[in-house]
Amino acid sequence: MEIVNRDFEILTDYILVFHTYKFLNIDLIEDWVIELINLGYESEAIYTLACFYKPIDYDEIKPYLEAVFLELNLTTKNEEESQKSHIRYFLNKIVKRENVRGNLKNMLHFYFEFAVDKDIVDFSVLQYVWDDLSAGEVNWYYKDLNLDTIEEEVIEKAEKWLIEN
């Protein structure tokens, strides 16, 4: 499968981790399969998968999703790859300035299960700093950050992580 753009590639990788994390936004599968059709991919499995409407039940669509993976020669991610794909998906949204604080929290949702990347510890600290600053508390970790600068710091770190990974 030839991937057309980086955002779609990142979304595809994220879809390939759904077997690892049970509480992800399964509704993204509909967006993904519609994009496949828009890119010219056609098959019975793709069209069948596109017929499901949000909210999507993962167990109900799983056989159809697996059929699409098979047709497109896509392989689900192992645990380490799943973690990186999950991180990459949300950091990509952060770099695009989409709900930076919310996507930071979403990215860190499985943080305690992650074993692949110690660099995301900085993101966890930044989330705590942001929470402290929002609550009017003293920030002891990054003394030069305030509510006006924390978002840019998160975006810069996200850009750096994406370049390196």
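Anything mentioned here points back to the structure above.
Note that the structure is a prediction, hence the values are computed from the model and not measured.

A. Focus on the overall build of the protein chain. When you go through the protein chain residue by residue, the secondary structure sums to eight helices and zero strands. Viewed in the frame of its principal axes, the protein chain has a C-alpha envelope of about 55 × 30 × 25 Å. The buried share of the protein chain, reckoned over its 165 residues, is 46%. For the protein chain, contacts bridging at least 24 residues in sequence account for 59% of all contacts bridging at least 6. For the protein chain, the computed accessible surface area is about 9,300 Å², with 48% contributed by carbon and sulfur atoms. Charge-centre separation for the protein chain: the mean point of 16 positive side chains lies 5 Å from the mean point of 34 negative side chains.

B. Representation of the environment of N106 in the model. Here N106 is to be found in helix 6 (residues 100–107). On the basis of relative accessibility, which here comes to 38%, the residue N106 falls in the partly exposed class. Remark: the alpha-carbon pair of N106 and T12, spanning 94 residues in sequence, is separated by 18 Å. When neighbours within four sequence positions are excluded, N106 is seen to be in contact with H86 and F90.

C. Representation of the packing of aromatic side chains. This model, assessed by the stated rule, comprises six aromatic pairs. Where Y14 meets Y89, the ring centres are 4.0 Å apart and the plane angle is 0 degrees; that geometry is what we call stacked. One end of the pair, Y14, is in helix 1 (residues 6–15); the other, Y89, is in helix 5 (residues 79–95), and 75 residues separate them in sequence. This pair shows no difference in class: Y14 is buried, exactly as Y89 is. Geometrically, the ring pair formed by W32 and F69 is edge-to-face, given 6.0 Å between the ring centres and 70 degrees between the ring planes. Highlighted residues: W32 in helix 2 (residues 28–38) and F69 in helix 4 (residues 58–71), separated in sequence by 37 residues. By relative accessible area, which is 0% here, W32 ends up buried.

D. Structural detail: helix 8 (residues 150–164). Given a rise of 1.5 Å per residue, 15 residues ought to cover 21 Å, and the 21 Å separating the end C-alpha atoms of helix 8 matches this to within 8%. Taken residue by residue, helix 8 has I150, E153, V154, I155, A158, W161 and L162 as its buried positions. On the buried face of helix 8, the contacting elements are helix 5, helix 6 and helix 7 (121–134).

E. Here's a closer look at the packing of helix 5 against helix 6. Where helix 5 contacts helix 6, the axes come no closer than 9 Å and their chain directions differ by 175 degrees. For the element pair helix 5 / helix 6, the angle class is roughly antiparallel. Listed contacts from helix 6 to H86, I87, F90, L91, K93 and I94 of helix 5 are V100, N103, L104, N106 and M107. Across the contact of helix 5 with helix 6, the residue classes tally to seven nonpolar, three polar and one charged.

F. Geometry of the nonpolar core. Formed by 54 residues in total, the largest nonpolar core has its most connected members in I15, F18, I29, W32, L49, L91 and F123. Taken together, the elements giving at least two residues each to this core come down to helix 1, helix 2, helix 3 (44–50), helix 4, helix 5, helix 6, helix 7 and helix 8. Examining the composition of this core, we find that six residues originate from one element, helix 8, more than from any other. In this structure, I15 is in contact with L28, I29, W32, L65 and F69, ignoring residues within four places of it in sequence.

G. Here's a closer look at the pattern of salt bridges. Overall, the coordinates contain 11 salt bridges when judged by the stated rule. The closest approach of N and O atoms between K77 and D13, which form a salt bridge, is 3.2 Å. With K77 in the loop between helix 4 and helix 5 and D13 in helix 1, this pair connects stretches of sequence that are 64 residues apart. Here K77 matches D13 in class, with each residue buried.

Calculation rules
- Residues numbered from 1 in each chain as written.
- Predicted model: local features only at pLDDT ≥ 70, side-chain atom pairs only at ≥ 80, totals over all residues.
- Heavy atoms only, no water.
- Helix = DSSP H or I, 4+ residues; strand = E, 2+ residues; numbered from the N terminus.
- Buried < 20%, exposed > 50% of the residue type's maximum accessible area, 1.4 Å probe, protein only.
- Contact = heavy atoms within 4.5 Å.
- Areas by Shrake-Rupley, 256 points an atom, 1.4 Å probe, with all protein chains shown as cover.
- Lys, Arg positive; Asp, Glu negative; His and termini not counted.
- Charge placed at Lys NZ, Arg CZ, Asp CG, Glu CD.
- Phe/Tyr/Trp six-rings, centres within 6.5 Å; stacked < 30°, edge-to-face > 60°.
- Expected span 1.5 Å × (residues − 1).
- Axes fitted to C-alpha atoms, helices over the stretch in contact; angles between N-to-C directions.
- Parallel < 35°, antiparallel > 145°, perpendicular 65-115°, else oblique.
- Nonpolar A, V, L, I, M, F, W, Y, C, P; charged D, E, K, R; others polar.
- Core = buried A, V, L, I, M, F, W, Y, C linked by side-chain atoms within 4.5 Å.
- Salt bridge = Lys/Arg side-chain N within 4 Å of Asp/Glu carboxyl O.

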